[in-house]
Amino acid sequence: MDAAKIRVLVVDDIPEVRENLRKLLYFERDIEVVGTATQGEEAIALTKQHRPDIVLMDINMPGMDGLTASEAIGREVPSAQIVMMSVQGETDYLRRSMLAGAKGFLIKPFGSDELVATIRSVHNLRPKVAPQAAPPPGAPMSASFAAAPLAPAQRRDRGAVIAVYSPKGGVGCSTLAANLAMALRSQRDDKVVLVDADLQFGDVGVLLNLTASHTMAELAAKKGQMDGELLDVLLMPHISGVKALLAPAQPEEADLLTTDHLREIIGVLQGMFGYVVVDMAAALGERELALFDLADAVLLVTAPDVPSIKNARLFYDVVDALQYPEGKIRMVLNKADRQNPIGPAEIAAGIKHPVVATVPLDRRAADAAQNQGIPCFMGNRSGLIPQAALRLAELLARELGPEEAAGAEPARAAAAGAAAAGAAAARAKTAVREPAPRNGNGMLARLLGR
Ligand SMILES: Nc1ncnc2c1ncn2[C@@H]1O[C@H](COP(=O)(O)OP(=O)(O)OP(=O)(O)O)[C@@H](O)[C@H]1O
Ligand SMILES: [Mg+2]
């Protein structure tokens, strides 16, 4: 036995596939096929006997299938890394393979380059310490889904995080977040991910008409183990080119995701995307504060009505105490309407913070977009909402985009560090308050008069 070689066991019920895999690997100097098995039980027995580094496992076999066999191998021979093989269209298998402990995935038909690259990558990324004792029965066995080399690792900078937030529900955060993500994507041709951090009632999936085959809930058990490859499996591609990480499908699943989960998720996504646009819930708790800390820019969305303005000011009272760097929180007026006596100037004067951008009211386009699951940006680009999204994207990209950020990085990093320290210190002192009860018709006058 050549110790330098990657030892591979091939498991597939179809003789031609086994033979082809053997042939494909035959000429690789650093890879050796140490055996072949035709079904699950035999795969387990041969893995125990040969102790291969990699088990190339077909997912669908008569008798014991590849998933069950992988779970058993993970328990009994944890040093063997599983690469699951499946045919196209079996997308749910990818997620299930991951949960069964697979570290790589190949979709048939694949070529020798892809095969060899996957084997090497999974082998290189194997745990370098001896695997721990087998997990208790029933526990998911996967240590972590091995990270393939990520293209964005060559970036000069990590992705910019743009949090879209309002302390008042229904002002248009999700609409703006979706259109902004698409505008960023179209304008800069950069990679953009839209994260639905409205964990209980997120509707990014509905707004983008995406089936929630995967959601963030699947990351609940992966704390401390997330990487690009794992997240890539869960990201839902949209026709715009934006990818979406959807909120859990059930409200009760939101509790499974802590601030630590969010920090880890955003951190990994920053390594994969140029922009991480986060659609947030209209709440103010630890999760939201953690997201503000992580964000490079927080778009505080408000609408020209008294409750929205009242909540925006309450929000500023809290975040002013957190001492974020000047300009981190940017107020955006959505549903701006010339017919409405409350415009950006009145709001800026009342809240004592500037309105950096406005998005016009376009009820017909917004309602149609929401009901059809086709964001305005995908339709008529010259519409009011797409145009506003493009202007905002341009503004943000100029300040946060990769080119500028490369030069501005030290300042940004220092500001972020100072902000985090300041925010943490202030948070210890600042209780997050419940919004004060609304005070009838005099509210606007009182707000504007203050
Ligand atoms: N610029 C706009 N003009 C007209 N209607 C808009 C505009 N932006 C959003 N809307 C409408 O406002 C409603 C709320 O929008 P959206 O769901 O995006 O808000 P939200 O702040 O995310 O709400 P929630 O608090 O429920 O998450 C929707 O009916 C949407 O179509
Ligand atoms: Mg929303």
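Refer to the preceding data block for the structure.
What counts as what
Residues numbered from 1 in each chain as written. Chains lettered and ligands numbered in written order. Predicted model: local features only at pLDDT ≥ 70, side-chain atom pairs only at ≥ 80, totals over all residues. Heavy atoms only, no water. Helix = DSSP H or I, 4+ residues; strand = E, 2+ residues; numbered from the N terminus. Contact = heavy atoms within 4.5 Å. Areas by Shrake-Rupley, 256 points an atom, 1.4 Å probe, with all protein chains shown as cover. Axes fitted to C-alpha atoms, helices over the stretch in contact; angles between N-to-C directions. Parallel < 35°, antiparallel > 145°, perpendicular 65-115°, else oblique. Nonpolar A, V, L, I, M, F, W, Y, C, P; charged D, E, K, R; others polar. Near = heavy atom within 4 Å. Polar contact = N/O pair within 3.5 Å; in protein donor to acceptor, adjacent residues only side chain to side chain. Pairing = 2+ DSSP bridges. Right-handed = clockwise from strand over helix to strand, strands pointing away. Expected span 1.5 Å × (residues − 1). Buried < 20%, exposed > 50% of the residue type's maximum accessible area, 1.4 Å probe, protein only.

Enquirer: Can you tell me about the overall build of the protein chain, naming the residues and giving the values?
Expert: A count of helices and strands for the protein chain gives 16 helices and 13 strands. Within the protein chain, contacts between residues separated by at least 24 positions form 76% of all contacts whose residues are at least 6 apart in sequence. Surface summary for the protein chain: the accessible area is close to 20,200 Å², and the carbon and sulfur share equals 53%.

Enquirer: Could you give an account of the packing of helix α1 (residues 15-26) against helix α5 (residues 112-124), with specific residues and numbers?
Expert: Relative orientation of the contacting elements α1 and α5 amounts to 75 degrees, with a least axis distance of 10 Å. Overall, the two elements α1 and α5 adopt an arrangement that is roughly perpendicular. Contacts between α1 and α5 involve L21, L24 and L25 from the first element and S112, L115, V116 and I119 from the second. When the residues that make up the contact of α1 with α5 are grouped by side-chain class, the tally is six nonpolar, one polar and no charged.

Enquirer: Tell me about the site of ligand 1, and name the residues and values.
Expert: Around ligand 1 sit 18 residues in total, of which C173, S174, T175, K335 and D362 are the nearest. One nitrogen or oxygen atom from the main chain of G172 is found 2.9 Å from an oxygen atom belonging to ligand 1. T175 places a polar side-chain atom, nitrogen or oxygen, 2.5 Å from an oxygen atom of ligand 1. Calculation on ligand 1 without its partners gives an accessible area of 630 Å², and the protein chains cover 84% of this total.

Enquirer: Outline the sheet that holds strand β6 (residues 160-165), supporting the account with residue identities and numerical values.
Expert: Pairing in this open sheet of eight strands is mixed, and the strands run β8-β9-β7-β10-β6-β11-β12-β13 from one edge to the other. One side of each edge strand has no neighbouring strand; the edge strands of this open sheet are β8 (236-237) and β13 (355-360). Pairing between strand β7 (residues 192-197) and strand β9 (residues 243-245): three bridges, direction parallel. By the bridge assignment for β9, V193 is matched with K243. Along the sheet face, helix α9 (residues 259-272) touches β6, β7, β9 and β10 (275-280) and points at about 150 degrees away from the line of β10.

Enquirer: Lay out the pairing of β13 in plain terms, naming residues and giving numbers.
Expert: Note on strand geometry: in a regular strand, side chains alternate between the two faces of the sheet. Pairing geometry for strand β12 (residues 329-336) and β13, over five bridges, is parallel. Looking across to β13, one finds that M331 is bridged to V355. In this region the chain leaves β12, passes through helix α12 (residues 344-351) and returns to the parallel neighbour β13; the handedness of that crossover is right-handed.

Enquirer: I'd like a rundown of α9, residues and numbers included.
Expert: Across its 14 residues, α9 extends 20 Å between first and last C-alpha, which sits within 8% of the 20 Å expected from 1.5 Å per residue. Counted residue by residue, α9 has 10 buried out of 14 residues, so it is predominantly covered. Every buried residue of α9 is listed here: T259, H261, L262, E264, I265, I266, V268, L269, Q270 and M272. Packed against the buried residues of α9 are β6, β7, α8 (228-234), β9, β10 and α10 (286-294).

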